Amino acid sequence: MNDRIKKLREQSINAVNRISSERARLITEFYKSPAVRGVSIPVQRALAFKYLLENKEICINDGELIVGERGPAPKATSTYPEVCIHTVKDLEILNSREKVSFAVDEETKQLYEDTLIPFWQGKSMRERIFAQLPEEWKQAYEAGIFTEFQEQRAPGHTVLGDKIYSRGFLDFKKEIAASIRALDFYEDPEALDKREELKAMDIAADALIIYAQRHARKLNELAEKEKDPRRKQELEKMAGICDRVPARAPRTFHEALQYYWFVHIGVISEVNPWDSFNPGRLDQHLFPFYKGTAFPAHEGSATPPSKGDKKNSPEEKISSLNKLPGNISEEGPGSISKEEARELLQAFWIKFNNHPAPPKTGVTAKESNTYTDFTLINIGGVKADGSDAANELSYLILDVIEEMRLVQPGSMVQISKKNPDRLLKRALKIIKTGFGQPSLFNSDAIIQELTYQGKNLEDARRGGASGCVETGAFGVESYILSGYFNLAKILEITLHNGVDPRQGKRIGLETGAAEDFAGFGDLMAAYKKQLHHFIDIKIKGNNIIARLYAKHMPVPFLSLLIDDCIEKGRDYNDGGARYDTTYIQGVGLGSLTDSLTALKYHVYDKKNITMEKMKAVLAADFSGYEDLRDELLERTPKYGRDDDYADEIAAQAFNLFYNAVTGRPCSRGGVHRINLLPTTCHVYFGSVIGALPDGRKARLPLSEGISPVQGSDCKGPTAVLKSAAKIDHLKTGGTLLNQKFTPRLLADETGLTKLLHLVRSYFKLDGHHIQFNIVDAATLRKAQRNPEQYRSLIVRVAGYSDYFVDLGVDLQNEIIARTEHNEF
Amino acid sequence: MLDTLKDYKIAGAKTGIIFDIKHFAIHDGGGIRSTVFLKGCPMKCRWCHNPESQAKEPENFPGKVSIGERVSVEHVLAEIEKDTVFYDESGGGVTFSGGEPLLQPGFLSALLLECREREIHTIVDTCGYAVPQIFNSIIDKVDLFFYDMKLMDKEKHIEYTGVSNDRVNENLKTLSEKEKAVVIRFPVIPGITDSEKNLNDIADFLSPLKGIDEIHLLPYHDTAAAKYKKFKKENLMVGVKPPPAERIEEIEKRFTGSGLKVKIGG
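What counts, and at which threshold
Per-chain numbering applies: the sequence of each chain, read as written, is numbered from 1 onward. Chain letters and ligand numbers both follow the written order, the letters beginning at A and the numbers at 1. Totals for whole chains, interfaces and linings use all residues, but because this is a predicted model, local features are given only for residues with pLDDT of at least 70 and pairs of side-chain atoms are given and counted only at 80 or more. No hydrogens and no water enter the side-chain calculation; it runs on all heavy atoms of the structure. Each pair of strands is called paired provided DSSP finds at least two bridges between the two strands. Runs of E in the DSSP output that reach at least two residues are strands. Runs of H or I that reach at least four are helices, and both are numbered from the N terminus. Interaxial angles span 0 to 180 degrees and are taken between N-to-C directions of axes, which are lines fitted to C-alpha atoms, for helices over the stretch in contact. It only takes one pair of heavy atoms within 4.5 Å for two residues to be counted as in contact. Throughout this description, the term nonpolar core refers to a set of buried Ala, Val, Leu, Ile, Met, Phe, Trp, Tyr and Cys residues connected via side-chain atoms within 4.5 Å. Accessibility here uses a 1.4 Å probe with only protein chains present; expressed as a share of the type maximum, an area under 20% marks a residue as buried, one over 50% as exposed, and anything in between as partly exposed. Planes of paired rings set the category: under 30 degrees apart is stacked, over 60 is edge-to-face and the rest tilted, where pairs are Phe, Tyr or Trp rings (Trp by its six-membered ring) whose centres lie within 6.5 Å. Buried area adds together the accessible area that both of two parts lose upon being put together, with accessible area traced by a 1.4 Å probe. What makes a salt bridge here is a side-chain nitrogen of Lys or Arg within 4 Å of a carboxyl oxygen of Asp or Glu, nothing more. Think of pLDDT as the predictor's per-residue confidence, scored from 0 to 100. Throughout this description, any angle smaller than 35 degrees is read as roughly parallel, any larger than 145 degrees as roughly antiparallel, any in the 65 to 115 degree range as roughly perpendicular, and the remainder as oblique. By convention the crossing between two helices is left-handed if the near helix lies anticlockwise of the far one by an angle smaller than a right angle, and right-handed if it lies clockwise. Think of it as the arc spanned by the lines of direction from the helix axis to the C-beta atoms.

(A) Molecular detail of the sheet that holds strand β10 (residues 214–219) of chain B. Residues and elements named next belong to chain B. The strand order across the open sheet formed by nine strands is β5-β1-β2-β6-β7-β8-β9-β10-β11, and the pairing between neighbours is mixed. Looking at the sheet topology across the chains shown, the edges are occupied by β5 (69–72) and β11 (261–264). Pairs of neighbouring strands in the sheet enclose a mean axial angle of 30°, with direction left out of account. Bridging between strand β2 (residues 33–38) and strand β6 (residues 93–98) involves six bridges; their strand directions are parallel. The residue bridging L38 from the neighbouring strand is G98, located in β6. Packing against the sheet, helix α6 (residues 166–177) makes contact with β8 (144–148) and β9 (182–188), and its axis sits at approximately 155° to β8.

(B) Geometry of the nonpolar core. Among the nonpolar cores identified, the biggest contains 264 residues, and F169(A), F253(A), L345(A), W349(A), L440(A) and F485(A) are the most heavily contacted of them. For this core, the element with the most residues is helix α21 (residues 520–552) of chain A, which contributes 13 residues. Once residues lying within four places of it in the same chain are set aside, the contact partners of L440(A) are V413(A), L424(A), A427(A), L428(A), I431(A), V759(A), F763(A), H768(A), H769(A), I770(A) and F772(A). With 69 residues, the next largest nonpolar core counts V73(B), V124(B), F135(B) and V188(B) among its residues.

(C) Region of interest: the environment of P72(A). Residues and elements named next belong to chain A. Structurally, the position occupied by P72 is in the loop between α3 (41–55) and β2 (76–77). On a C-alpha basis, the gap between P72 and N272 in space is 17 Å, while along the polypeptide they are 200 residues apart. The residues touching P72, leaving out its near neighbours within four places in the chain, are S20, E22, E57 and C59.

(D) Quick look at the packing of aromatic side chains. All names here are of chain A. Evaluation of the coordinates by the stated rule reveals 39 aromatic pairs over all chains. Ring geometry for Y31 and W120: centres 5.4 Å apart, planes at 70°, overall edge-to-face. A residue pair is termed long-range when its members are at least 10 positions apart, and Y31 in helix α2 (residues 22–32) and W120 in helix α5 (residues 106–120) qualify at 89 residues. Using a relative accessible area of 15% as the deciding quantity, one classes Y31 as buried.

(E) A look at the interface of chain A and chain B. Taken together, the contact between chain A and chain B spans 21 residues of the former and 17 residues of the latter. When the two sides are added together, the surface that chain A and chain B hide from each other amounts to roughly 1,800 Å², 63% of it contributed by carbon and sulfur. Summed over the shared surface of chain A and chain B, the result is one salt bridge. Between K764(A) and E89(B) there is a salt bridge whose closest N-O contact spans 3.4 Å.

(F) Region of the structure containing the confidence of the model for chain B. Of all residues in chain B, 95% attain a pLDDT of 70 or more, and the chain-wide mean is 92. Scored as a complex, the prediction yields pTM 0.93 and ipTM 0.90.

(G) Structural detail: the packing of α2(A) against α5(A). All names here are of chain A. It is the contact of α2 with α5, at a shortest axis distance of 11 Å, that shows an interaxial angle of 50°. Judged on the interaxial angle alone, α5 and α2 are oblique. As for how α2 packs across α5, the hand of that crossing is left-handed. Every residue of α5 that contacts α2 at A24, R25, I27, T28, Y31 and K32 is listed here: L111, Y112, T115, L116, F119 and W120.

(H) Spatial organisation of the environment of D644(A). All names here are of chain A. With respect to the helices and strands, D644 occurs in helix α27 (residues 644–661). Owing to a relative accessible area of 42%, D644 belongs among the partly exposed residues under this scheme. Along the primary structure D644 and K726 are separated by 82 residues, whereas in three dimensions their C-alpha atoms are 9.1 Å apart.

(I) How the structure looks around helix α4 (residues 132–139) of chain B. Residue and element names in this part refer to chain B. I134, F135, I138 and I139 are the residues of α4 that are buried. Around the axis of α4, the buried residues are gathered within 140° of arc, so they sit on the same side. Each element contacted by the buried residues of α4 is listed here: α3 (105–117), β8 and α6.

Have a look at this one:
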């Protein structure tokens, strides 16, 4: 890492996470202005986006190679009052909370109090949503049955495909114009809506071009003042790049990265989509630029935007900027040296780290309590034709990941049976340094998952995983995570005949007193009824919320990036994408399985404890029943030990969840599906559940992902993988398995090679994802005691890595409690 | 002491006594393996790191700890077969260790045959001390032998392991004559096995043996101290430190010089 990168990296790491009121202020100004009158909602959204990008501060940090910040400075984080308007109290909590805090200055608070809150109160999406949701939904939400991703953040969750690498925004504008021309107002009753949406996309495209041009201008200004001739030249070159992209297709590695970055800023400025945004298959997209073979065939064919009838049209500004001298990139077509590419990638990495997830409060903060905003760079896998996609750049990117050692962006390696062991081994060598990156995914499973969902084979092969572990067809799918679902809580409610014992309130169905169940079959039948009851409520909520977003919060900018929104003239939030999926993410499969297993084993098979007694023991949180708890913990079959007794119940529980959700329509036109991942929600969900029959004490975290209950997987890693593979991963949109190994295991080549075989074996069994924490519990305990000495300790949480000292103590304890696999 | 054939139970052994089955064993041979630990050992090596494995029968130790359990061939096979996918992927298999697996030849033999039928690679990790007829009866059922060589001096062998090395040497010669795949395992115990003389004697002994050209050095480690405490057995190795890395390197060079392929660790 050279000095420049070192400095930028330090700056990024040390920047204070704070709230910037800039976006909220500009958006409010726009919505108060006359410009908003008389235009359709999509056009309003697009004009608001344009107003923001025309007027926000341009931030160019010293020494930067890739430019563009969402806020006025690194980690100065925008808020989105039209989605979720924070109260003054929210701001105070954000400012003062111990973990994942955001500094809020007095001026911002004042602005909120005087201007933003009075204007947005009653109009935000959050309020619209809660106003429309039925009482039963709210009760379930309060009980901790499920969470809701879209109550503070907009839908998103998608990944960019390859279209920006061969086309500029001027090309997209032409496509938009063609789509408008093709509208048939005689035959198509939605033609007007489509025209408005397309007009909005066109405005949004202009907005990003303007934003880039503003950077070009600023860079030229800086160049003029710059004393250092090398930096001066660099700034001029960067100005040229910003002048070219995103308007026209990129020709060089640098242009391609800068282009993506502007697009990224666009997506996360338009609204606050979950999982920010993601370039996806970066080694594939950039490889032609790395080798210098990417020079677009149609270079120069794109004409400037047509002089329209719009006021504030960007063309004049653009044309004046075009006259600026010396800003045509000198690289031209041709390859780039490895070292130049490395530096640019490192500069690119830092940009992600500058952008924490927008502030979350309440349950939303609990379910995803991290600054990480879940960009997940994909490396490796296969090409659209099915051949091995790993290339030189894949390895260079892995070098960058290792050297940068940042929590953002997240990174993963797709491992297909066609990829060489070298790729997996290189990834493992980084993983063994102990910061949980890159995570490992099974390409062949992902492709099968996507084709099972109905994607065509090429789209499936161009896909991958994003966020934590979520399967998606990149560039062509709207796949939205709607919220976590507390699988273990459903069991608790089943055991209490529909009553939530924490609140003493009946929120479920009356499925009979558990004491009266004649056998395990009765218990499962009752569980199934409760599960369907609550899934129905969740889906009803999802469909209401999705319609509200479709109507009130279209995203014309994101829409122009995801196919086939332009062609269909439909918004991303309204079924514009080629494929639509809404996910419900199950949490606590291990805890649920072990609890059901304990009931089957002790109450129904061995009959050594009655259900009545079990319920009394759980109500007492095992106090006075330590021997029985010991029996439940130590002498009961458990998931994660390759024991069919427990694993068959895991498969049953999985199938019930799968059947309850999969195929139910979602209001964007696709269907609901499941995946199994928790982020930090297993801690929150655990906090609303009393003692469970598996021996877990009240309020403690649930198991995470599809990992076994913490500490119960005492038969070694092969047993865990076998158990985990007994659920049908190919029917999901992603599963998450974490394992913890002691650093000693990977100390030598032998250990590394055997871990490689372990991963390959799991993938042969259709496992979707696996990740490792290579750290020992002693280190983690020390870090807990002396956080100041362990500020740089990064651990794998669930589908992401985070600074250990930034985690809540309950989550820290949960990670320490995970079984540490050693060599034998 | 097991000196005669009748001390071994061979016929119809449908069960045996094991004290553990470890999955994901990665230092007991190639690939990912499962290691089956058979209980009982004819030697009492002073540095033994599985002292709880020495007695043939299951034992009870203080604190409700019991070591060893009589199990069926089917039970062991079911455990072994659970990890077939890992063996296949990694070129692994099963390692029979102990204790001394040859102390239960009927049981071992049945397990080996069942593994062969299932195309599961087998290693027998043996101290070599067995009645030759017994030893010969399993030779052809094993894919690879891990064969311990400790001390060439007979008196010292008796002193430190409790038995003579005559049979050990004889059985190894048989393996060589039959051209079986063998890896020598040599525990480097400071002050006991690492004398120049012993190293020379081992190298000289191995050099005429055809096909035996790989040796693994197993440096002494003191992790068993906790076990001696736990199982209330007298630890005769108190104060012995693991050999320094430089010493291991020297020994590696010594054997490499004799044309042996040397690996450190399992």
